[in-house]
Amino acid sequence: MSSPTTAAAPLVLAGLLLAGALAYSTWTIEVFLPTGLSPRTAYVSELAAEDQPYGTFFRTVDLFAGLLVLAGAVWALTVRPTPRTWLRTVGWAGLALFGAATVADSRLPLSCAATADAGCLARVRADEVPWTHSAHAVSSSLAVTGALVGMVLLTVAARRRAASWPALARTGPFLVALELAATGWTLASIAAFEAGRGTWGLGMGQRLQVLFIAVWLVVLAWDAAAEARRE
């Protein structure tokens, strides 16, 4: 007979991942707020810039999003009694990196929004912005890398054991493909923007990128909750 802690482990995991996904999606309320930033051209992280009117709010929800996903990944690695395959272990480690890097992102905000402020863009190109801009770029890159590692490897693991995570086994490959496409779009747009060739829909590409991560987390949380019901 499983202990109460063991039996509740999938439900705890589901709650942490779902809450993390919802917090990570809070940027969507920008459509109701007078941010002054264009969803088509602005980085998502510019909503949390120090000079933005709702910056403190968006930095706070990013902090909670990262902590929740990090807690879920650590829970899966240390408490949740899942088969200890290398795919699952490295996949959960990737999600832990994603969570930790998202926490770092929230503590290393941009000072201004370069896509909407010509003065800010001039300072960025003259390297006259705080060091947090460079640090934020590193933490953001690590977050996306961790998310991709987690999404790819845990989806492959789900495909190999479809009875355990059926929803992820069915939809995971599709979401991973969309995430890779959105990431490619985002990287190309960033390169174009930094070269002074326009934004190429940078804001839309990056919003799709973070949206697909959140949807994938919701699917994983759904499977964890379903596993809890089976137990």
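The text that follows walks through the structure, step by step, so that each part is easy to find.

Parameters at a glance
- Residues numbered from 1 in each chain as written.
- Predicted model: local features only at pLDDT ≥ 70, side-chain atom pairs only at ≥ 80, totals over all residues.
- Heavy atoms only, no water.
- Disulfide = S-S within 2.5 Å.
- Buried < 20%, exposed > 50% of the residue type's maximum accessible area, 1.4 Å probe, protein only.
- Axes fitted to C-alpha atoms, helices over the stretch in contact; angles between N-to-C directions.
- Helix = DSSP H or I, 4+ residues; strand = E, 2+ residues; numbered from the N terminus.
- Parallel < 35°, antiparallel > 145°, perpendicular 65-115°, else oblique.
- Left-handed = near helix turned anticlockwise from the far one by under 90°.
- Nonpolar A, V, L, I, M, F, W, Y, C, P; charged D, E, K, R; others polar.
- Phe/Tyr/Trp six-rings, centres within 6.5 Å; stacked < 30°, edge-to-face > 60°.
- Lys NZ or Arg CZ within 6 Å of the ring centre and 35° of its normal.
- Core = buried A, V, L, I, M, F, W, Y, C linked by side-chain atoms within 4.5 Å.
- Contact = heavy atoms within 4.5 Å.
- Salt bridge = Lys/Arg side-chain N within 4 Å of Asp/Glu carboxyl O.
- Patch = residues over 30% accessible without salt bridge, like charges linked within 9 Å, V, L, I, M, F, W, Y side chains within 5 Å.
- Areas by Shrake-Rupley, 256 points an atom, 1.4 Å probe, with all protein chains shown as cover.

### Let's talk about the state of the cysteines
Turning to step 1, where the next piece is worked out: Here the structure, examined in full by the defined rule, presents one disulfide.
Turning to step 2, where the next piece is worked out: The disulfide partner of Cys112 is Cys120, and the gap between their sulfur atoms is 2.0 Å. In this structure the cystine formed by Cys112 and Cys120 twists about its S-S bond by roughly 75 degrees; its chirality is therefore right-handed. No difference in accessibility class separates Cys112 from Cys120, as the two residues are buried.

### Quick word on the packing of helix 3 (residues 86-107) against helix 5 (residues 132-160)
Turning to step 1, where the next piece is worked out: Contact pair helix 3 / helix 5: the axes reach a minimum separation of 7 Å and the direction vectors enclose 155 degrees. Regarding the angle of helix 3 to helix 5, the classification is roughly antiparallel. Regarding helix 3 and helix 5, the two cross each other, and that crossing is left-handed.
Turning to step 2, where the next piece is worked out: Residue composition of the contact of helix 3 with helix 5, by class: 17 nonpolar, eight polar and three charged.

### Looking at the packing of aromatic side chains
Turning to step 1, where the next piece is worked out: Evaluated as defined, the whole model comprises four aromatic pairs.
Turning to step 2, where the next piece is worked out: A ring pair is formed by Tyr24 and Phe98, whose centres lie 5.2 Å apart and whose planes are at 80 degrees; its orientation type is edge-to-face. Here Phe98 lies in helix 3 and Tyr24 lies in helix 1 (residues 4-24), a separation of 74 residues in the sequence. In terms of burial, Tyr24 and Phe98 fall into one category: buried.
Turning to step 3, where the next piece is worked out: Lying across the ring of Trp165, Arg88 places its NZ or CZ 4.0 Å from the centre.

### Observations regarding the nonpolar core
Within soluble globular proteins, side chains that are nonpolar tend to cluster in buried spots.
Turning to step 1, where the next piece is worked out: Ranked by internal contacts, the top residues of the largest apolar core, which has 45 residues, are Trp92, Leu95, Phe98, Trp216, Leu217 and Leu220.
Turning to step 2, where the next piece is worked out: Elements supplying a minimum of two residues to this core: helix 1, helix 2 (55-78), helix 3, helix 5, helix 6 (166-194) and helix 7 (202-230).
Turning to step 3, where the next piece is worked out: Discounting chain neighbours no more than four positions away, the residues touching Leu217 are Leu17, Ala21, Val69, Leu95 and Phe98.
Turning to step 4, where the next piece is worked out: By size, the runner-up hydrophobic cluster in this structure holds seven residues, among which are Tyr43, Cys112, Ala114 and Leu121.

### Concerning unusual backbone geometry
Turning to step 1, where the next piece is worked out: Positive phi, close to 60 degrees, is recorded for Asp127, a residue that is not glycine.
Turning to step 2, where the next piece is worked out: In this fold, Asp127 is placed in the loop between helix 4 (118-125) and helix 5.
Turning to step 3, where the next piece is worked out: Positioned with a positive phi, Trp200 is a non-glycine residue whose angle comes to about 55 degrees.
Turning to step 4, where the next piece is worked out: Within the secondary structure, Trp200 sits in the loop between helix 6 and helix 7.
Turning to step 5, where the next piece is worked out: When its relative accessible area of 52% is taken as the criterion, Trp200 is described as exposed.

### Side note on the pattern of salt bridges
Two side chains bearing opposite charge may form a pair once their charged atoms approach each other closely.
Turning to step 1, where the next piece is worked out: Counted according to the given criterion, the structure contains one salt bridge.
Turning to step 2, where the next piece is worked out: As a salt-bridge pair, Glu30 and Arg207 come within 2.7 Å of each other at their nearest N and O atoms. Of this pair, Glu30 sits in the loop between helix 1 and helix 2 while Arg207 is found in helix 7, placing the two residues 177 residues apart along the sequence. The same class applies to Glu30 and to Arg207, which are both buried.

### Some words on the side chain of Thr186
Turning to step 1, where the next piece is worked out: The residue Thr186 is located in helix 6 in this model.
Turning to step 2, where the next piece is worked out: For Thr186, a relative accessible area of 3% corresponds to the buried category.
Turning to step 3, where the next piece is worked out: With near-sequence residues (within four places) excluded, Thr186 lies in contact with Leu202, Gly205, Gln206 and Gln209.

### Some thoughts on a nonpolar patch on the surface
Turning to step 1, where the next piece is worked out: Nonpolar side chains collect at one region of the surface, where Ile29, Val31, Phe32 and Phe57 lie side by side and expose about 420 Å² of accessible area between them.
Turning to step 2, where the next piece is worked out: Among the structural elements, Phe32 can be located in the loop between helix 1 and helix 2.
Turning to step 3, where the next piece is worked out: For Phe32, a relative accessible area of 70% puts it in the exposed group.

### Concerning the environment of Ala224
Turning to step 1, where the next piece is worked out: Here Ala224 shows up in helix 7.
Turning to step 2, where the next piece is worked out: Placed 116 residues apart in sequence, Ala224 and Leu108 show a C-alpha to C-alpha distance of 32 Å.
Turning to step 3, where the next piece is worked out: Once residues within four sequence positions are removed from consideration, Ala224 is found in contact with Pro10, Leu13 and Ala14.

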